[in-house]
Amino acid sequence: MRRRVLQSQTIAKVCEIKQLQKDVFSLKVETELKHKEQSIPKAGQFYMLKSRPSRVLLTRPISVYKVRLLDARGKELASHADCLQETFPAVQDAHVLELEFLILQKGEGTEDLCNLQVGLSIDLIGPLGNHFFKPSESLSGAKNSKAFAEREAAKEANTENQLPPSVAIVGGGIGIAPVSGFAQGLEKESYDFYASFKSGTYGIENVQAKNLYITTDDGSVGVHGMLPAVLTADTLKEKKYTLLYACGPLPMLAYLQKICLEAGVQAWLSMEEKMGCGVGACLGCTIKTTEGNRQCCKAGPIFQGDKLIF
Ligand SMILES: Cc1cc2nc3c(=O)[nH]c(=O)nc-3n(C[C@H](O)[C@H](O)[C@H](O)COP(=O)(O)OP(=O)(O)OC[C@H]3O[C@@H](n4cnc5c(N)ncnc54)[C@H](O)[C@@H]3O)c2cc1C
Ligand code: FES
């Protein structure tokens, strides 16, 4: 089945809901694949979600954490990693799209989603927004970066193979969902992963990083402190990273932009902007970039780091 860019509004059924922390839940839903062209989400994309019934009027943007394709009997036809590839050779009989989200209870919209029970339904619009490109594609797209220049020079010197992209992936808090989902589609141990939480961890169990660095504000797991305790401009240089992908709170993304610029590392940052419609209709998610104002839901949520104005 070929992937098509097609957004759809549908109703999905809750098949599993798990409490991971006091205010963090994993929500798994299933929706019928009505036609072969129905779009399979890529890592970094999001859906607009609302529980049925809900106290809120508008759907809420939530990133895809994991995706699977199942047949009519619930047998897996394509794993999460398979689904992140461009084509899916063995999914002719795919009947069900299974989506997993990680949700942090914030206000009424997310609270209603976290209070759902198995068998209940949600409204689902998506997949929406752009997605993370794999390292080889990301670097070739970043023509003005130092990493790109070095790669081009190596190509001329015929030593390109000595310079595979060196990748750091960073997730902060609930921003772990899209980057962890992305990492799980990459080759095992082809990247380092940095995860920062307030307390404890979630969403990183299946991350197969070469090096996994964890920080917690309360010191319950990993290094006591915030991201700068394990990742600075000097770390980026020492580890010779060429590419960084991240999602997390705004101050963390602003910090990453700064250290990546200092170290000459290409960054792709996923922004969490307040959204009304998620489809480019309300202008509620406008953000500033060096190329002018952009709608986060349409042009993003993932932007080249050096183009963002914080
Ligand atoms: C692209 C994208 C992906 C996201 N992925 C996730 C995810 O995987 N898991 C998760 O728990 N949260 C995610 N968020 C944040 C989540 O959308 C908000 O926490 C949620 O909308 C808050 O709604 P609420 O009704 O619970 O809270 P309220 O504060 O009552 O929300 C009021 C309004 O503000 C908007 N809003 C409030 N905070 C945010 C925010 N941080 N980002 C965007 N809109 C906000 C809501 O959509 C709503 O319209 C994502 C946001 C974006 C933009
Ligand atoms: S959320 Fe409405 S335009 Fe982006």
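Reference entry: report on the structure contained in this document. Please read these numbers as outputs of a predicted model, since none were measured by experiment.

Conventions and cut-offs
- Counting of residues starts from 1 at the beginning of each chain's written sequence and follows it residue by residue.
- The lettering of chains begins at A and the numbering of ligands begins at 1, in the order of writing.
- In view of the model being predicted, local features appear only for residues whose pLDDT reaches at least 70, and side-chain atom pairs are presented and counted only at 80 or more, with totals across whole chains, interfaces and linings using the full set of residues.
- To obtain the side-chain values, all non-hydrogen atoms of the structure were used and water was disregarded.
- The cut-offs for exposure are 20% and 50% of the maximum accessible area for each residue type, with area from a 1.4 Å probe on protein chains only; residues under the lower value are buried, those over the upper are exposed, and the others partly exposed.
- Comment: elements are numbered from the N terminus, with helices defined as DSSP H or I runs of at least four residues and strands as E runs of at least two.
- Looking down the strands as they point away from you, a crossover is right-handed if its path from the first strand over the helix to the second goes clockwise.
- A pair of strands is considered paired only if DSSP assigns at least 2 bridges between the two.
- One heavy atom within 4 Å of a molecule or strand makes the whole residue count as near it.
- In protein, a polar contact means a hydrogen-donor-capable atom and an acceptor-capable atom, both N or O and within 3.5 Å, with residues adjacent in sequence counting only if both atoms are side-chain atoms; elsewhere, any N or O pair within 3.5 Å suffices.
- Only the protein chains shown count as covering a residue, and every accessible area follows the Shrake-Rupley method with a 1.4 Å probe.
- By convention in these notes, a salt bridge is any Lys or Arg side-chain nitrogen within 4 Å of a carboxyl oxygen on Asp or Glu.

Taken across its 5 residues, strand β14 (residues 266-270) has 5 buried, putting it largely inside the fold. Here β14 shows two buried faces, one formed by Q266, W268 and S270 and the other by A267 and L269. Following the backbone out of strand β13 (residues 243-247), through helix α7 (residues 250-263) and into the adjacent parallel β14, one traces a crossover that is right-handed. As paired elements, β14 and strand β17 (residues 302-304) share 3 bridges and run antiparallel to each other. Across the sheet, the residue bridging to S270 is I302, located in β17.

Attention now moves to the site of ligand 1. The local shell around ligand 1 holds 19 residues, among which R60, P61, L104, G107 and T110 are the closest. Between ligand 1 and the protein, one listed contact pairs a nitrogen atom with a side-chain N or O atom of K106 at 3.2 Å. Measuring from a nitrogen atom of ligand 1, one finds a backbone N or O atom of E273 at 3.5 Å. In isolation ligand 1 has 820 Å² of accessible area, and contact with the protein removes 85% of it.

Enumeration over the complete set of coordinates arrives at 9 salt bridges. Among the salt bridges present, the one from E111 reaches R55, with a minimum N-O distance of 3.1 Å. One end of the pair, E111, is in helix α2 (residues 108-114); the other, R55, is in the loop between β3 (46-52) and β4 (60-63), with 56 residues separating them in the sequence. Among the residues examined, E111 registers a relative accessible area of 29% and is labelled partly exposed. With a shortest N-O distance of 2.9 Å, E98 and R68 are connected by a salt bridge. Of this pair, E98 sits in strand β7 (residues 96-104) while R68 sits in strand β5 (residues 66-70); the two residues are 30 residues apart in sequence, bridging distant segments of the chain. Each of R55, E108, E111 and D112 takes part in salt bridges that share partners, so that together they form one network.

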